[in-house]
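Observations on chain architecture
For reference, the chains in residue letters:
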Amino acid sequence: LPFSTFQHSWPSLFVGAKGTESQLHVDNGGSHFWMYLESGEKEWYVFDRLDVHNLYIKADHSAFSVNVFDPDLDTFPLFVKSKMYKFTQKQS
């Protein structure tokens, strides 16, 4: 699907319970977005695009094989070479 059609197939509202996780991924179309947090906190793990080869991108090119919450360094040894920026977003 062309991006203009594809972008409208995804929801624009996400709700998650405490402890919800998402695998490391690139957002739909590599788009930019605003993130509003109604309550609680959200931890972000962000990597430079130059580290893509250290993160073991999957064949579909939108998600990565390495689990950033608990990386298996025997399976994904290049992960240690990536520069991770971790920050916590608090409610707006």
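The structure under discussion appears in the preceding block.
Read on for an overview of the structure. Note that the structure is a prediction, hence the values are computed from the model and not measured.

Quick notes on the rules
- Residues numbered from 1 in each chain as written.
- Predicted model: local features only at pLDDT ≥ 70, side-chain atom pairs only at ≥ 80, totals over all residues.
- Heavy atoms only, no water.
- Helix = DSSP H or I, 4+ residues; strand = E, 2+ residues; numbered from the N terminus.
- Buried < 20%, exposed > 50% of the residue type's maximum accessible area, 1.4 Å probe, protein only.
- Lys, Arg positive; Asp, Glu negative; His and termini not counted.
- Salt bridge = Lys/Arg side-chain N within 4 Å of Asp/Glu carboxyl O.
- Polar contact = N/O pair within 3.5 Å; in protein donor to acceptor, adjacent residues only side chain to side chain.
- Contact = heavy atoms within 4.5 Å.
- Patch = residues over 30% accessible without salt bridge, like charges linked within 9 Å, V, L, I, M, F, W, Y side chains within 5 Å.
- Areas by Shrake-Rupley, 256 points an atom, 1.4 Å probe, with all protein chains shown as cover.
- Core = buried A, V, L, I, M, F, W, Y, C linked by side-chain atoms within 4.5 Å.

Turning to its location among the elements, Asp51 is positioned in the loop between β1 (41-47) and β2 (84-90). The charged side chain of Asp51 is buried without a salt bridge, its nearest counter-charge being Lys83 at 8.8 Å. Separated by 2.9 Å, the side chain of Asp51 and the backbone nitrogen of Lys83 make a polar contact. Ignoring anything within four residues of it in the chain, the contact list for Asp51 reads Lys81, Ser82 and Lys83.

Turning our attention to the environment of Met35. Within the secondary structure layout, Met35 lies in the loop between α1 (3-6) and β1. Among the residues examined, Met35 registers a relative accessible area of 35% and is labelled partly exposed. Separated by 22 residues in the primary sequence, Met35 and Leu13 place their C-alpha atoms 9.9 Å from one another. Filtering out sequence-adjacent residues up to four positions away, Met35 remains in contact with Lys42, Trp44 and Gln89.

A contiguous nonpolar patch, built from Val46, Tyr85 and Phe87 and spanning about 270 Å² of accessible area, is present on the exposed surface. Within the element layout of this structure, Tyr85 appears in strand β2. Tyr85 gets classed as partly exposed once you look at its relative accessible area, which sits at 43%.

The next subject is the nonpolar core. What tends to happen in soluble globular proteins is that the nonpolar side chains get buried as a cluster. If you look at the biggest cluster of nonpolar residues, it comprises 9 residues: Leu24, Tyr45, Phe47, Leu55, Phe64, Val66, Val68, Phe76 and Phe79. Excluding its chain neighbours within four sequence positions, the residues that come into contact with Tyr45 are Leu24, Val68, Phe69, Met84, Tyr85 and Lys86.

This next bit is on the side chain of Gln89. Along the polypeptide, Gln89 turns up in strand β2. Residue Gln89 is classed as buried on the basis of its relative accessible area, which comes to 14%. Only 3.1 Å separates the side chain of Gln89 from the backbone oxygen of Met35, close enough to count as a polar contact. The contact partners of Gln89, leaving out residues within four places of it in the chain, are Met35, Tyr36, Leu37, Gly40, Glu41, Lys42 and Trp44.

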